[in-house]
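The residues making up each chain are set out below.
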Amino acid sequence: MIVRAFPENGPQKSSNLSGGNSSSDNANGPAAAFAKLASVAERLQTSVSNIIRLPDVRAERAAAAARARIAALPSVAHDAAVSDEEVQLGISLSQEQLLSLQKPDGYWIGELIVDSTLCSDHVLYMHWRGKVDPELQEKCVRHIRRRQLPDGGWNIYHGGPSEINACVKAYFALKLAGHSPQAPWMAEARANILRLGGIPKCNTYSKLYLALLGQFPWKYLPIIPVELILLPDWLYFNIYQLSSWSRAMLMPLAIINHFKPTKQLPEEKQLHELYPCGLEGADFSLARSQRFLTWRNFFLRCDGILKWLDALPWRPFRARALRRAEAWMTERMGEGSDGLAAIFPAMLNGLIALEALGYTERDAIFQKATRDYEDLFADDGDDFRIQPCFSPVWDTAVTSIALAESGLDPAHPALQKASSWLYSKEVRIRGDWVKQNPYREASGWAFEFNNVYYPDTDDTAMVLMALRLMKPENPAAANAAFQRALGWQMSFQCRDGGWAAFDKDVTKGWLEDVPFADHNAILDPTCSDLTARTLELIGYLGRPAVYERSVQRALAHLRRTQEDDGSWYGRWGVNYLYGTWQVLRGLRAIDQDMTQSWVRRGRDWLASCQNEDGGWGESCASYDDPLLKGKGPSTASQTAWALMGLIAAGDLDSPHVQFGLRYLLDAQNADGSWTEDEITGTGFPRVFYLKYDMYRNNFPLLALATYLNAKRGIFRLSHVQLVR
């Protein structure tokens, strides 16, 4: 099979939209809504089949702003139905806003916004090193204080309850920075922490950071033997049976576990008060299961044996294991990667491990690791933040799809620059994934700017769906890369028919009971959302016969993973709204019969979750309590997902779709953007969440475009042909 992309006589879409900077006009609300409605007559006069010509909206926006300044018009009741002209105006405004955000190199990137724990961790790290930057510490403190909740605690997602790990880290950071335990905010935080169970209720990774500063006994931490690195790849258990992110975090932690480089703090900086009743000297060993024969009890007994062996003076393999672990870690910190796995936890652990190994600021690898780590810092003058990683490949792919599907010419300079940039980021190194998937040729895309050891199937599928809509400068090279990456993507189908993120068949469930696996992410299981996204890609390429067996296995996987109420779990986005939307969109792309009862149950579940304001929303709380699935304040991104799911099911004219479109159009700001405070991205369910700042803008545009294209009978836009 040969992939031939972008035939010269392929379908074209044109647009007269220019790529200049959008206005900073912030008018919104009823006046802006009235202005948008009033300008319908001046908008597009022509819209035929799959050709979308976009107007220059600057004059309309200026008129809207002028009217808004003249009078604040009252809200008026209106029918929920929307006109194509209204949707087209929303598209035009959104396109211009997104085009203005493109970077000179051709990519898009939005900030990844997370909870306060990263700033807390950095304060702890500075004090562990004994090298505190007072100005940076104060910025971290302001960040932490601003996010303290009324009950005195800190949460891990917008609107969520206080979470024990975030609370302990924040309190410790503030105390290290000089805040008195008698200060009102510290007293409130301490009372809240004790209500949540205190330090003993923290997870292993939080306790390890406390141990580095002498605030938790090492003997009660699960041992992470560095000898794990010596286990052969063919053994039933080895480090490549762990998820890629766990592997990158655990290898430096194994080095740290050997050296136990503890910083002793003065009495006034210690955390005695965060142990219930002051019992910091009690036995805080992990509790065993009540039943005798369980994996948890087995591993806890193994942990006891390993600790006994670790205390012996004779450890014949330790020196060799340390050298191997050091080489493994520094290799993945080197050129081609923006830090170890290019993610904050692994990068921070790696810096601590380097110092434990004796590296200093004079060593090149330590300097590079520090630069990569500090590149994650974001400071807009009003607030200092630390990002968990960067998302340029993902943001560029999603935004390119939204722009192209909404009518931007595939030869538009913005899309051509994005195409060239994406092709330049193809990974051509056989990274960690080859241990579980010995596919013959390296390809794929990673999430970040540079992360050559860890491309992933989610980014690769999304990038290929974007590239199908763009015309490259070098079609021959693009065809070769497209074919190479498509083969790589399909090689990752797991035994159960689904796709996971970074590795193939890293699904040994018994590993979830390993004592150091309480971050809820030791495995890389197959996911309905990733499986359906791969089906969507296959559908857009015409469902090639060579992949039909893969399609049938994937469909069986989706049937098995559907919830009783018709929804699907979302692993990489919050949550059932994300999973259900992606499954319905994937099914529609492969021309699945959308009237089947199991498909209709997914559609009906989505419709049942619509809020009274016409939008959809789901809180991260649904990962803790499935009864909360599909419930939460309306957000632009989740409303867009739900709309695309319903549209895929064929419900174009239903009140649910029309009301949802009305919500999106009314919520759109005058500059074409949407406002969204809630977190709708998932890192580790129940542990770590992140807000993709681009989601509030690129997914609503894609939803509006999907609606208009579906009305014209267009469900598969593509400039890629498969030649057999």
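What counts and what doesn't
- Residues numbered from 1 in each chain as written.
- Predicted model: local features only at pLDDT ≥ 70, side-chain atom pairs only at ≥ 80, totals over all residues.
- Heavy atoms only, no water.
- Helix = DSSP H or I, 4+ residues; strand = E, 2+ residues; numbered from the N terminus.
- Buried < 20%, exposed > 50% of the residue type's maximum accessible area, 1.4 Å probe, protein only.
- Contact = heavy atoms within 4.5 Å.
- Salt bridge = Lys/Arg side-chain N within 4 Å of Asp/Glu carboxyl O.
- Expected span 1.5 Å × (residues − 1).
- Arc of directions from axis to C-beta.
- Axes fitted to C-alpha atoms, helices over the stretch in contact; angles between N-to-C directions.
- Parallel < 35°, antiparallel > 145°, perpendicular 65-115°, else oblique.
- Left-handed = near helix turned anticlockwise from the far one by under 90°.
- Phe/Tyr/Trp six-rings, centres within 6.5 Å; stacked < 30°, edge-to-face > 60°.
- Lys NZ or Arg CZ within 6 Å of the ring centre and 35° of its normal.
- Pairing = 2+ DSSP bridges.

**Structural notes on the overall build of the chain**
Line of reasoning, step 1. For the chain, the helix and strand inventory stands at 24 helices and nine strands.
Line of reasoning, step 2. Counting over 724 residues, the chain shows a buried share of 61%.
Line of reasoning, step 3. Considering only residue pairs separated by 6 or more positions, the chain has 75% of its internal contacts joining residues 24 or more positions apart.

**Brief notes about the pattern of salt bridges**
Line of reasoning, step 1. Taken as a whole and judged by the stated rule, the model has 42 salt bridges.
Line of reasoning, step 2. Note that arginine 332 and aspartate 432 form a salt bridge whose closest N and O atoms lie 2.8 Å from each other. You can see arginine 332 sitting in helix H11 (residues 318-333) and its partner aspartate 432 sitting in the loop between helix H15 (413-424) and helix H16 (457-467), a full 100 residues away along the chain. Of the two residues, arginine 332 and aspartate 432, both sit in the buried class.
Line of reasoning, step 3. Residue aspartate 565 is joined to lysine 629 by a salt bridge in which the shortest nitrogen-to-oxygen separation is 3.1 Å. With a gap of 64 residues between them, aspartate 565 in the loop between helix H19 (548-561) and helix H20 (576-589) and lysine 629 in the loop between helix H21 (597-608) and helix H22 (636-648) connect regions that are remote in the sequence.
Line of reasoning, step 4. What you see here is one network of salt bridges that share partners, running through Glu111, Arg146, Arg147, Asp380, Asp382, Asp383 and Arg385.

**Details of the environment of aspartate 604**
Line of reasoning, step 1. Looking at the element boundaries, aspartate 604 is found in helix H21.
Line of reasoning, step 2. Sequence-wise, aspartate 604 and alanine 649 are 45 residues apart; in three dimensions their C-alpha atoms are separated by 9.6 Å.

**Let's talk about helix H7 (residues 184-195)**
Line of reasoning, step 1. Here H7 is 12 residues long and its end C-alpha atoms lie 17 Å apart, about the 16 Å a rise of 1.5 Å per residue gives.
Line of reasoning, step 2. Residues of H7 that are buried: Met186, Ala189, Arg190, Asn192 and Ile193. The arc that holds the buried residues of H7, viewed along the axis, is 165°, so those residues lie on one side. Seen from the buried face of H7, the exposed residues on the opposite side, beyond 90 degrees, are Pro184 and Arg195.
Line of reasoning, step 3. Contacts from the buried residues of H7 go to helix H6 (164-176).
Line of reasoning, step 4. Note on H7: the residue one or two positions beyond its end, glycine 197, has a positive phi of about 110°.

**Digging into the packing of helix H12 (residues 344-356) against helix H13 (residues 364-374)**
Line of reasoning, step 1. Two numbers describe how H12 lies on H13: the axes approach to 10 Å, and their chain directions differ by 150°. It follows from the interaxial angle that H12 and H13 lie roughly antiparallel. In terms of crossing hand, the pair formed by H12 and H13 is left-handed. Along its contact with H12, which presents Phe344, Met347, Leu348, Leu351, Leu354 and Glu355, the element H13 presents Ile365, Phe366, Ala369, Thr370, Asp372 and Tyr373.

**Things to note about the packing of aromatic side chains**
Line of reasoning, step 1. For the coordinates displayed, the defined rule picks out 32 aromatic pairs.
Line of reasoning, step 2. Taking 6.2 Å as the distance between ring centres and 70° as the angle between the ring planes, the aromatic pair formed by tryptophan 568 and tryptophan 598 counts as edge-to-face. On the criterion of sequence distance, the pair formed by tryptophan 568 in the loop between H19 and H20 and tryptophan 598 in helix H21 is long-range, its members being 30 residues apart. Neither tryptophan 568 nor tryptophan 598 differs from the other in exposure class; each is buried.
Line of reasoning, step 3. Taken together, Phe447, Tyr578, Trp581, Trp641, Tyr692, Tyr695 and Phe699 form an aromatic cluster joined through their ring pairs.
Line of reasoning, step 4. Across the ring face of tryptophan 572, the terminal group of arginine 571 is positioned such that the distance to the ring centre comes to 3.8 Å.

**As for the pairing of strand E7 (residues 681-684)**
Line of reasoning, step 1. Here E7 runs beside strand E8 (residues 688-692); their pairing, made up of three bridges, is antiparallel. Residue pairing for E8: phenylalanine 684 is matched across the bridge by phenylalanine 688.
Line of reasoning, step 2. Linking E7 back to E8 in an antiparallel pair, the connection comprises three residues, with arginine 686 at a positive phi of about 75°.

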